Amino acid sequence: MSIFLSKDLARLAPYVPGEQPQDRKYVKLNTNESPYSPAPGAVRAAAAQAWELNLYSDPTCAPLKRAAAEFYGLSPANVMAGNGSDENLAHIFRAFLTDKGVAFPDITYGFYPVLCSLLGIEYRTVPLKEDFSLDVSDYAALACPVCIANPNAQTGICLPEEKVEELIAQNEGRLVVVDEAYIDFGGESCVPLIKKYGNLIVVQTMSKSRSLAGARVGFAFACEELVSELEAVRASFNPYNVNRMSMFAAEASLRDRAYFEECTRKTAEVREYTAAELRGMGFAVLPSAANFLLARHAAAGGGDLYLALKARGVLVRHFSDERIKDYIRVSIGSRGQMEQFLGAVRAVLKEVTG
Ligand code: PMP
């Protein structure tokens, strides 16, 4: 450690994203990206903007915010746009949690505790039930804000909208952040609830259902007061946070509802096919409403399966957290990619079970 590093960062353990290997071509099913290209209009819009890169992007993100607001029947004043939802989460945590702390489930998106460490936010984890479901009553007596991912990261399990509303209503004087990175693959968004509840912030991303992970665009939806406070933080950190090409690509993508619906429908279909095939091979598969599955097999540990699949050119994700270390998480690719994955799984199981 250098003598220059701030003391409070001495023990910072940064977030470790899924591998983005450059050494060989894998069937890449480890970071929940979409297997489909961005909407054609989004590609054209980004390409056209390449010639304008000598100019800064619009620091108000006005057309993009308008398109996101129109998608949900809101006002642009209810929307903040960011450089991926990770950036929006950072602004939310900075603006609203530094002096209050936060609670989130024990199994969820690993970026939340990392952000807390970076920003010096106290956090507590609330265990999910044995079956990995979330019981909103576990949060009723807590005195701090709450952050959940819905569907939940790593499990894919989705809390029904009425349960999310129960969580928001029971925490009226406390902020509730709902991270809907995976909502478009089968859940019902609680964005409309921002009109009813002043303590709700919903975070969404263009990285998954919109096939724009490389563009880095995400949103925070909330009542006008919370958004204007968030905008102040954003403008104090990086006023041109959404780059020109991504801004136009994201706007065009939001306006192509048919392509979006086709991609999310295909992903949900392929997810159900993959889950059924895995169950047929003896896997326990959690019920997922997301673009990934968390699955476990009695004959092969999660870490071993991950390595054996990688050796066969298929990349999935393994987490070492005690409660999910026996599982692998597989992103839902195209039907062809999932057939390759399933073939590799069959081969590995044959090897271990003889
Ligand atoms: N929230 C959750 C639950 C996620 O899984 C991810 C993706 N890793 C993100 C947020 C971040 O998405 P983005 O690409 O928009 O930063």
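Remember, predicted model here, so these are calculated numbers, not experimental data. (Residues numbered from 1 in each chain as written. Predicted model: local features only at pLDDT ≥ 70, side-chain atom pairs only at ≥ 80, totals over all residues. Heavy atoms only, no water.)

### Topic: the sheet that holds strand 9 (residues 284-285)
Then, in step 1: If you trace the three strands from one edge of the open sheet to the other, you get 9-10-12, paired in antiparallel fashion. Two strands lie at the open edges of the sheet, namely strand 9 and strand 12 (327-331), each paired on one side alone.
Then, in step 2: In the sheet, strand 9 pairs with strand 10 (residues 292-296) via two bridges, with the strands oriented antiparallel. Paired with Ala284 across the bridge in strand 10 is Arg296. (Pairing = 2+ DSSP bridges. Helix = DSSP H or I, 4+ residues; strand = E, 2+ residues; numbered from the N terminus.)

### Details of the site of the ligand
Then, in step 1: In the vicinity of the ligand, the contacting residues are Gly84, Ser85, Asp86, Tyr109, Ala153, Asp179, Ala181, Tyr182, Thr205, Ser207, Lys208 and Arg216.
Then, in step 2: Interatomic distance of 2.6 Å between a side-chain N/O atom of Asp179 and a nitrogen atom of the ligand.
Then, in step 3: Note that an oxygen atom of the ligand is positioned 2.5 Å from one of the side-chain N or O atoms of Thr205.
Then, in step 4: Burial of the ligand by the protein chains amounts to 90% of its free accessible area of 410 Å². (Near = heavy atom within 4 Å. Polar contact = N/O pair within 3.5 Å; in protein donor to acceptor, adjacent residues only side chain to side chain. Areas by Shrake-Rupley, 256 points an atom, 1.4 Å probe, with all protein chains shown as cover.)

### Description of the packing of helix 9 (residues 302-311) against helix 10 (residues 335-353)
When two helices pack together, their arrangement is given by the angle between the helix axes and by the axis-to-axis distance.
Then, in step 1: Interhelical geometry of helix 9 versus helix 10 gives an angle of 115° and a closest axis separation of 10 Å. As helix 9 runs across helix 10, the sense of the crossing is right-handed. Seen from helix 9, the contacting residues are Leu305, Ala308 and Leu309; seen from helix 10, they are Phe341, Ala344, Val345 and Val348.
Then, in step 2: Here the residues of the contact of helix 9 with helix 10 sort into seven nonpolar, no polar and no charged. (Axes fitted to C-alpha atoms, helices over the stretch in contact; angles between N-to-C directions. Left-handed = near helix turned anticlockwise from the far one by under 90°. Contact = heavy atoms within 4.5 Å. Nonpolar A, V, L, I, M, F, W, Y, C, P; charged D, E, K, R; others polar.)

### Section: the packing of aromatic side chains
Then, in step 1: Enumeration over the complete set of coordinates arrives at 14 aromatic pairs.
Then, in step 2: The interplanar angle of 80° and the centroid separation of 5.6 Å between the aromatic rings of Tyr15 and Phe111 together place this pair among those described as edge-to-face. With Tyr15 in the segment before strand 1 (27-28) and Phe111 in helix 4 (residues 111-119), the pair connects residues that are 96 residues apart, well separated along the chain.
Then, in step 3: Relative accessible area serves as the criterion here: at 26%, Tyr15 is assigned to the partly exposed category.
Then, in step 4: Aromatic pair Phe93 and Tyr112: ring centres 6.2 Å apart, planes at 35°, arrangement tilted. A residue pair is termed long-range when its members are at least 10 positions apart, and Phe93 in helix 3 (residues 84-96) and Tyr112 in helix 4 qualify at 19 residues.
Then, in step 5: The class of Phe93 is buried, set by a relative accessible area of 0%. (Phe/Tyr/Trp six-rings, centres within 6.5 Å; stacked < 30°, edge-to-face > 60°. Buried < 20%, exposed > 50% of the residue type's maximum accessible area, 1.4 Å probe, protein only.)

### Examining the domain arrangement of the chain
Then, in step 1: Looking at the chain, the domain boundaries give domain 1 (19-36 + 258-353) and domain 2 (40-255).
Then, in step 2: Using C-alpha coordinates to define each centre, domain 1 is positioned 26 Å away from domain 2.
Then, in step 3: Listed by partner, the interface residues are 25 residues for domain 1 and 27 residues for domain 2.
Then, in step 4: The junction of domain 1 with domain 2 conceals about 2000 Å² of combined surface from both sides, 62% of it contributed by carbon and sulfur atoms. (Domains from an automatic or database assignment. Buried area = accessible area lost by both parts, 1.4 Å probe.)

### With respect to helix 8 (residues 257-280)
Then, in step 1: Look at helix 8: 35 Å from first C-alpha to last across 24 residues, which is about the 34 Å you get at 1.5 Å a residue.
Then, in step 2: Residues of helix 8 that are buried include every one of Tyr259, Phe260, Cys263, Thr264, Thr267, Ala268, Val270, Arg271, Tyr273, Thr274, Ala275 and Leu278, and no others.
Then, in step 3: Looking at the packing, one finds that the buried side of helix 8 touches helix 1 (40-49), helix 2 (62-72), strand 9, strand 10 and helix 10.
Then, in step 4: Count one or two residues on from helix 8 and you reach Gly282, which has phi positive near 100°. (Expected span 1.5 Å × (residues − 1).)

### What to know about the pattern of salt bridges
Two side chains with opposite charge may pair up if their charged atoms get near one another.
Then, in step 1: All chains considered together, the criterion is met by 19 salt bridges.
Then, in step 2: Among the ionic pairs, Glu70 bridges to Arg255, the shortest N-O distance being 2.9 Å. Here Arg255 lies in helix 7 (residues 244-255) and Glu70 lies in helix 2, a separation of 185 residues in the sequence.
Then, in step 3: Classification of Arg255 by relative accessible area gives partly exposed; the value is 45%.
Then, in step 4: The shortest N-O distance in the salt bridge between Arg271 and Glu272 comes to 2.8 Å. (Salt bridge = Lys/Arg side-chain N within 4 Å of Asp/Glu carboxyl O.)

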